[in-house]
Amino acid sequence: MKKILITRKLLRTCEDKAKETFEANFNLNDELYSQKKLIELSAGQDGILSSLTDKLDSDTIKKLPDTIKIISNFAVGFGNIDLEAAKNRGIAVTNTPDVLTDATAEIGVLLILGACRRAAEGIDSAKEGGWKWSADYLIGKQLTGARLGILGMGRIGQKIAKVAKSLGMVIHYHNRSKLSADKEDGATYHDNLKDLLSVSDVLSVCCPASKETVDMINKDTIEYLPKGAVVTNVARGDIIEDEALIDALNRRKVYAVGLDVYKNEPNLNPGYLKHKSAFILPHLGSATKETRTAMANLAIDNIDEFFKTGNCKNKVNR
Ligand code: NAP
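What comes next is a walk through the structure. (Residues numbered from 1 in each chain as written. Predicted model: local features only at pLDDT ≥ 70, side-chain atom pairs only at ≥ 80, totals over all residues. Heavy atoms only, no water.)

1. Let's talk about unusual backbone geometry
Applicable threshold: Labels follow the DSSP assignment, with helices taken as runs of H or I lasting at least four residues and strands as runs of E lasting at least two, numbered in each case from the N terminus. Type-normalised accessible area, obtained with a 1.4 Å probe on protein chains alone, sets the label of each residue: buried when under 20%, exposed when over 50%, and partly exposed for intermediate values.
Each neighbour pair has its own omega, and for Glu-265 with Pro-266 the value is 5°, a cis peptide bond. Structurally, Pro-266 is set in the loop between strand 11 (254-259) and strand 12 (279-280). Non-glycine residue Arg-118 carries a positive phi angle of around 55°. The exposure class assigned to Arg-118 is partly exposed, which follows from its relative accessible area of 23%. Although it is not a glycine, Asp-185 adopts a positive phi angle of roughly 50°.

Structure, rendered in structure tokens:
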């Protein structure tokens with residue numbers, strides 16, 4: 001049986017499956033391993049089932065023992081792993097696509113609704129009590145007829161588009177490549193980010209974190225948004241330059257934000273906390289029982305497939 005280091009706790013049924021599939025080395029206290037500890041614990045292991053909280057940068061990967069052949073990430077995103085460094089060491093990296101699309105899109109839609117309809121302020125007022133209904137009390141932005149700009153119209157972006165369309169939003173998107181007509185489903189393609197931003201009453205960031213996308217939403221690009229736009233991010237915090245977005249909130253260039261992900265999680269930029277209109281969640285995208293189970297099972301299957309066949313359909317460092 002292959003020996004696998006599982007860096008974070010999984011749901012019990014998934015840990016049972018892992019035990020049946022390989023000799024699993026569990027993290028019983030669910031502690032966050034330092035890079036040093038992760039390298040130490042990898043001694044004698046054949047693979048690592050990692051999570052997005054593990055920073056497998058180039059330096060860490062260089063120091064992993066030669067026995068490690070696969071890093072199976074418990075996420076669809078893999079911005080926490082240096083793919084090139086893994087490739088150079090002959091280590092396969094895999095992810096868990098598809099199974100988390102629906103759950104994450106649900107949170108993506110919640111961010112849009114929460115930010116546009118001032119849910120954060122509404123919840124605070126309802127809990128405080130003493131609020132008084134009036135015709136202009138907590139007036140928000142209606143989604144019907146508003147233009148939704150999707151940056152990264154992949155699996156999650158397309159699902160958000162489908163729900164948003166049913167709410168009457170008009171869909172625009174930017175990818176590096178245009179989608180086929182059936183995947184576009186009536187959405188308008190923009191071949192560059194600035195054109196997309198200029199028509200985005202509401203922006204939904206859904207692209208992966210990569211060298212290309214880090215700080216894509218920054219001081220300069222934010223200026224292309226219409227005044228009073230709403231910015232939401234269900235993808236990764238690295239894509240947004242926080243200081244620039246907070247400054248845009250301060251000067252009301254941006255009306256509200258809806259965020260599930262942050263740079264330096266869980267230590268989000270305190271500037272967001274000063275804004276009542278910030279609808280913020282603690283990285284809940286895939287957090288449903290069904291989805292977390294499916295993700296862990298797929299991460300286990302990816303390892304199994306890799307050792308049985310020498311390859312894996314979800315390998316991301318080709
Ligand atoms: P996907 O199907 O691969 O879609 C990614 C989309 O982004 C593609 O349409 C891609 O199109 C576009 N894209 C990639 N690089 C781009 C660039 N430089 N400029 C513009 N567009 C670019 O991925 P997915 O399954 O939808 O997941 C998207 C991301 O969501 C993941 O990478 C992950 O970070 C995040 N996520 C977050 C949570 C959460 O808990 N909040 C949960 C799951 C996933 P082109 O290749 O044509 O450019």
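2. Points about the layout of surface pockets
Here is the rule: Points on a 1 Å grid over protein atoms alone make up a cavity when a 1.4 Å probe fits among them but cannot get out, and a pocket when they form an open set with protein on both sides within 12 Å along at least five of seven lines; lining residues each have an atom within 4 Å of a point. Grid points are joined across faces, edges and corners, and a volume is the space filled by probe spheres set on the points. Each residue gets one label: Ala, Val, Leu, Ile, Met, Phe, Trp, Tyr, Cys and Pro are nonpolar, Asp, Glu, Lys and Arg are charged, and the others, such as Gly, are polar.
By volume, the second largest pocket amounts to about 280 Å³. If you list the elements that add at least two residues to the lining of the second largest pocket, you get helix 11 (242-250) and strand 11. No other element matches the three residues that strand 11 contributes to the lining of the second largest pocket. Taken together, the residues that form the lining of the second largest pocket break down as four nonpolar, three polar and four charged.

3. Some points on the site of the ligand
Going by this rule: We call a residue near a molecule or strand when any one of its heavy atoms sits within 4 Å of it. Counted as a polar contact is a pair of N or O atoms within 3.5 Å, where, for protein atoms, one must be capable of donating a hydrogen and the other of accepting one, and residues adjacent in sequence contribute only when both atoms are in side chains. With residues, only the protein chains shown are counted as cover, and all accessible areas are computed by Shrake-Rupley using a 1.4 Å probe.
If you check the shell around the ligand, you find 27 residues, and the closest are Ile-156, Arg-176, Ser-177, Glu-212 and Val-234. Between the ligand and the protein, one listed contact pairs an oxygen atom with a side-chain N or O atom of Ser-177 at 2.6 Å. Backbone polar atom of Val-234 to a nitrogen atom of the ligand: 2.8 Å apart, as the coordinates give it. Across the complex, the protein chains shield 87% of the 930 Å² of accessible surface that the ligand would expose by itself. Split into classes, the residues belonging to the shell around the ligand amount to eleven nonpolar, eleven polar and five charged.

4. Quick notes on helix 6 (residues 119-128)
Note the threshold: Arc definition: directions from the helix axis to the C-beta atoms. Residue contacts are counted whenever heavy atoms from the two residues lie within 4.5 Å of one another.
Buried within helix 6 we find Ala-120, Glu-121 and Ser-125. For helix 6, the arc enclosing every buried residue in end-on projection is 130°, short of the 170-degree limit, so these residues lie on one face. The secondary structure elements touched by the buried residues of helix 6 are helix 5 (101-116) and strand 12. In the segment just after helix 6, Gly-129 is the residue with positive phi, at about 80°.

5. A look at the sheet that holds strand 11
Test applied: For two strands to pair, DSSP has to find at least two bridges joining them. Think of each axis as a best-fit line through the C-alpha atoms, taken over the contacting stretch in the case of a helix, with angles from 0 to 180 degrees between the N-to-C directions.
The sheet built from seven strands is open, its strands ordered 8-7-6-9-10-11-12 with parallel pairing. Only two strands of the sheet have a single neighbouring strand rather than two, namely strand 8 (188-189) and strand 12. By the bridge criterion, four bridges tie strand 9 (residues 202-205) to strand 10 (residues 229-233) in an arrangement that is parallel. Counterpart to Ser-204 in the pairing with strand 10 is Thr-232. Helix 5 rests against strand 6 (147-151), strand 9, strand 10, strand 11 and strand 12 of the sheet, and its axis sits at about 145° to strand 11.

6. As for the pattern of salt bridges
Definition in use: Should a side-chain nitrogen of Lys or Arg be within 4 Å of a carboxyl oxygen of Asp or Glu, the pair is scored as a salt bridge.
Within this structure, the stated rule accounts for 19 salt bridges. Of the charged contacts, one joins Asp-16 and Lys-19 as a salt bridge, the two residues approaching to 3.8 Å between their closest N and O atoms. Of this pair, Asp-16 and Lys-19 both sit in helix 1 (residues 12-21), three residues apart, which is roughly one turn of that helix. In this structure Asp-16 comes out as partly exposed when scored by relative accessible area, which is 33%. Taking the shortest distance from any N to any O, the salt bridge between Asp-185 and Lys-165 comes out at 3.5 Å. Of this pair, Asp-185 sits in the loop between helix 8 (181-184) and strand 8 while Lys-165 sits in helix 7 (residues 155-166); the two residues are 20 residues apart in sequence, bridging distant segments of the chain. A single salt-bridge network, built from bridges that share partners, covers Glu-223, Asp-247 and Arg-251.

7. Overview of the packing of helix 1 against helix 12 (residues 289-309)
This is how the line gets drawn: Angles are sorted into four bins: roughly parallel if under 35 degrees, roughly antiparallel if over 145, roughly perpendicular if 65 to 115, and oblique for all others.
Two elements in contact, helix 1 and helix 12, have axes whose closest approach is 9 Å; the angle formed by their N-to-C orientations is 10°. Here helix 12 runs roughly parallel to helix 1, going by the angle between their axes. Here Thr-13, Cys-14, Lys-17, Ala-18 and Thr-21 of helix 1 come into contact with helix 12, specifically with Thr-293, Ala-296, Asn-297, Ile-300, Asp-301 and Asp-304. Grouping the amino acids of the contact of helix 1 with helix 12 by side-chain chemistry returns four nonpolar, four polar and three charged.

8. What to know about the packing of aromatic side chains
The following threshold applies: The rule is short: rings of Phe, Tyr and Trp, with Trp giving its six-membered ring, pair when the centres are within 6.5 Å, and they are stacked under 30 degrees, edge-to-face over 60, tilted in between. Any Lys NZ or Arg CZ found within 6 Å of a ring centre and within 35 degrees of that ring's normal is scored as a charge over the ring.
Enumeration over the complete set of coordinates arrives at three aromatic pairs. Seen in terms of ring centroids, Tyr-173 and Tyr-189 are 5.1 Å apart; in terms of plane orientation they differ by 50°. Their pairing is tilted. Taken together, the positions of Tyr-173 in strand 7 (residues 170-174) and Tyr-189 in strand 8 put the pair 16 residues apart, joining distant regions of the chain. Take Tyr-173: its relative accessible area is 0%, and that puts it in the buried class. Both rings, one in Phe-306 and one in Phe-307, keep their centres 5.3 Å apart while their planes meet at 75°; by these two values the pair is edge-to-face. Looking at Lys-141, its charged tip hangs above the ring of Tyr-255, at a distance of 4.6 Å from the centre.

9. Considering the sheet that holds strand 5 (residues 92-94)
Sheet architecture is open: five strands sit in the order 2-1-3-4-5, paired in parallel fashion. Each having just a single partner strand, strand 2 (23-25) and strand 5 make up the two edges of the open sheet. Taking each pair of neighbouring strands and ignoring which way they run, the sheet shows an average axis angle of 20°. Of the strand pairs in this sheet, strand 3 (residues 47-50) and strand 4 (residues 70-73) are connected by four bridges, and their pairing is parallel. When the sheet's bridge partners are listed, Leu-49 is paired in strand 4 with Ser-72. Helix-sheet contacts for helix 12 involve strand 1 (3-6), strand 3, strand 4 and strand 5, and the interaxial angle to strand 4 is about 155°.

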